[in-house]
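# Structural overview
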Amino acid sequence: MDTVSQPILARLADPVDFDGWRDQARRFVADDIPSEAIVWQVGDHLSDLFATVGPPPPVQVAIFPVPRAFIDLAQSVICHRDPERFALLYSVLLRLKRDSRALEDKSDPLIHRLEGLAKAVRRDIHKMRAFVRFRKTEDKVGYVAWFEPEHHIVRANAGFFVRRFTNMNWSILTPEMSVHWDGDVLCEGPGGVAGDAPQSDAVEAQWKAYYASIFNPARLKVGAMLKEMPRKYWKNMPETALVSGLIAGAQAREARMIESEIRPPLPAGEGDWNNVKTAAAHCERCALHKCATRTVFGEGPLDARLMLVGEQPGDQEDVAGRPFVGPAGRVLDEALIAAGLDRASLYVTNAVKHFKFIQRGKRRIHERPNAGEIDVCRWWLDQERRIIAPAIILALGATAARSVLGRQTTISTARGHPIALEGGGEAWVTIHPSYLLRLEDPVMAAEERRRFVEDLHAVRRRLEII
């Protein structure tokens, strides 16, 4: 091809002119014009102030297929504010002409960068949908909202609000542009300022009362909340005026919820254990109770010197209402016998009391509980520990270890030695028996089963001397 001596000007109507970019990119790629030879101009703004603009190339059209994924990627990236986005997309288009699978190399820095731009745009679209708050006006406009997007997403996002609020007359104002829906036609207008939108309306008091009533302090995670709802959006959302006070009072509210759920502890004994078990049967401190059949509480002698803690009930345990009665329970029973331990003398329970699963057809597939669910349910395990007061707690698996020790740990580092517990007693850590069921290599399975029995042997020997 001929060497391009002067940069070529590519004019775009506006910052999200995808059609204009696509049409010109097809002409340039037909002649293999390199990306660095093109200056992309949006309106009157040149991306390179020192460029000498030359004539456009002959009008040709490059005819070659591109993956649908590239079209989707380009339509998202165009909405980003990165001034290099047009040149970056054109560089990828040149690659696709030579290799139709170029987009599949996710480790390539250029592809990785474009994926990051698209992700940022999708996140901004989600924030707009979540945090736009309409307020009623006194005139025919109906409802008006103010929003400050990070990227050029308003036009791409307008269809969502048309579908969501079809029967309303509304306007969304942003610093760069505005969109207006009159029930029939969507139109665009110039940008505005925050003062152009109403600052309150008649229904906000009702909305604040509703928001305060559904705020659950037992599920409060301030870090996660701020990640999902950054403070910069708060000024446009009426309910956020309540958040600081709700957070400040969350601990006290949670204590009141727990107190109403279970009465102050009775002296340790069967009556105390029955009270705790009854209260746990009605536990709604996390969402797992909504799908599980029942709470599966611990069982065994209340004077047991050894407490076994698993992860959570499985499918059969959820149905039966007892811990370790399914396949993992049978593996545990066999190992206990081999180690010389009588299950009838042990107290057996789980870190999490409800079955967490994914429904696949008629089957319920086990899903590991997350850190929040483990920490919320730890309150019940602490009550069992207080009543039973075992000399040793054996944690079966990483989830149980986190619940017993109160921190994340690995089996490899904690296995095989006692760990002193606050308040007395000690913890030991080993694998969960379900791990043995997942091993396909019979040699490895036999070795791991031997190590599991040896861990139980070590705990039994420790019980004999403390």
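Residues numbered from 1 in each chain as written. Predicted model: local features only at pLDDT ≥ 70, side-chain atom pairs only at ≥ 80, totals over all residues. Heavy atoms only, no water.

When helices and strands are counted, the protein chain shows 17 helices and 15 strands. Sorting the 466 residues of the protein chain into buried and exposed places 46% on the buried side. Of the roughly 24,500 Å² of accessible surface on the protein chain, a fraction of 54% belongs to carbon and sulfur atoms. (Helix = DSSP H or I, 4+ residues; strand = E, 2+ residues; numbered from the N terminus. Buried < 20%, exposed > 50% of the residue type's maximum accessible area, 1.4 Å probe, protein only. Areas by Shrake-Rupley, 256 points an atom, 1.4 Å probe, with all protein chains shown as cover.)

Overall, the prediction assigns the protein chain a mean pLDDT of 85, with 79% of residues at 70 or greater. This stretch, residues 46–50, has a pLDDT under 50; its non-local contacts, to residues over four places away or in other chains, come to six contacts. Ignoring residues within four places in sequence, the model shows residues 261–268, a span with pLDDT below 50, making 16 contacts including any to other chains. (pLDDT = per-residue confidence, 0-100. Contact = heavy atoms within 4.5 Å.)

In spatial order, the strands read β4-β5-β6-β7-β8; together these five strands make up an open sheet with mixed pairing. On the outer flanks of this sheet lie β4 (135–136) and β8 (186–190), each paired with one strand and no other. The pairing of β4 with strand β5 (residues 143–146) spans two bridges and is classified as antiparallel. Its bridge partner being in β5, Arg135 is matched across the sheet by Val144. (Pairing = 2+ DSSP bridges.)

This next bit is on the sheet that holds strand β9 (residues 306–310). Pairing between sheet strands relies on hydrogen bonds along the backbone, with the strands arranged either parallel or antiparallel. Strand order in the open sheet formed by five strands is β10-β9-β13-β15-β14, and the pairing between neighbours is mixed. Because the sheet does not close on itself, it has two edges, and the strands there are β10 (347–350) and β14 (419–420). Summarising the sheet, β14 and strand β15 (residues 426–430) pair through two bridges and their orientation is antiparallel. In the strand pairing of β15, Ile419 is matched with Ala427. Relative to strand β13 (residues 392–396), helix α14 (residues 398–405) is tilted by about 145 degrees, and along the sheet it contacts β9, β13, β14 and β15. (Axes fitted to C-alpha atoms, helices over the stretch in contact; angles between N-to-C directions.)

Tallied over the entire structure, the rule returns 16 aromatic pairs. Ring-pair connections join several aromatic residues into one group, and the members of that group are Phe18, Trp21, Phe28, Trp40, Phe70, Phe86 and Tyr90. Lying across the ring of Tyr143, Lys136 places its NZ or CZ 5.5 Å from the centre. A cation over an aromatic ring shows up here: Arg364 above the ring of Phe357, its NZ or CZ 4.9 Å from the ring centre. (Phe/Tyr/Trp six-rings, centres within 6.5 Å; stacked < 30°, edge-to-face > 60°. Lys NZ or Arg CZ within 6 Å of the ring centre and 35° of its normal.)

Time to look at the environment of Val376. Along the chain, the position of Val376 falls in helix α13 (residues 371–388). Sequence separation of Val376 and Val352 is 24 residues, and the distance between their C-alpha atoms is 8.7 Å.

Here we take up the layout of surface pockets. Taken as a whole, the largest pocket spans an internal volume of roughly 820 Å³. Ala328, His366, His432, Ser434 and Arg438 are the residues nearest the centre of the largest pocket, which is lined by 29 residues in total. Those elements that place two or more of their residues in the lining of the largest pocket are α11 (315–320), α12 (327–339), β12 (363–366), α14 and α16 (433–438). When grouped by side-chain class, the residues that make up the lining of the largest pocket number twelve nonpolar, ten polar and seven charged. (1 Å grid on protein atoms, 1.4 Å probe; cavity = no way out; pocket = protein on both sides within 12 Å on 5 of 7 lines; lining within 4 Å. Points joined across faces, edges and corners; volume = space filled by probe spheres on them. Nonpolar A, V, L, I, M, F, W, Y, C, P; charged D, E, K, R; others polar.)

Right, let's get into the pairing of β13. For β13, a buried count of five out of five residues is recorded, marking the element as mostly surrounded by other parts of the structure. With burial as the criterion, each face of β13 is covered, one bearing Ile392, Leu394 and Leu396 and the other bearing Ile393 and Ala395. When β9 meets β13, the two strands line up parallel, connected through four bridges. Residue pairing for β13: Leu306 is matched across the bridge by Ile392. Where β13 lies against β15, five bridges are found, and the strand directions are parallel. Paired with Ile393 across the bridge in β15 is Ala427.

Quick look at the pairing of β9 now. In terms of residue burial, β9 counts as a mostly covered element, since five of its five residues are buried. A two-sided burial pattern is seen for β9, the buried positions comprising Leu306, Leu308 and Gly310 on one face and Met307 and Val309 on the other. Pairing of β9 with β10 involves four bridges; the strand directions are parallel. Note that in β10 the partner of Leu308 across the bridge is Val348.

Here we come to the environment of Ser76. Its location among the elements puts Ser76 in helix α2 (residues 68–77). Spatially, the C-alpha atoms of Ser76 and Ala156 are 8.9 Å apart, while their sequence positions differ by 80 residues.

So, on to the packing of helix α10 (residues 270–280) against α13. It is at 10 Å that the axes of α10 and α13 come closest, and there the two elements cross at 170 degrees. In terms of their interaxial angle, α10 and α13 are classed as roughly antiparallel. Along the contact surface, α10 presents Asp272, Trp273, Val276, Ala279 and Ala280, while α13 presents Trp380, Gln383, Arg386 and Ile387. For the contact of α10 with α13, a count of residues per class yields six nonpolar, one polar and two charged. (Parallel < 35°, antiparallel > 145°, perpendicular 65-115°, else oblique.)

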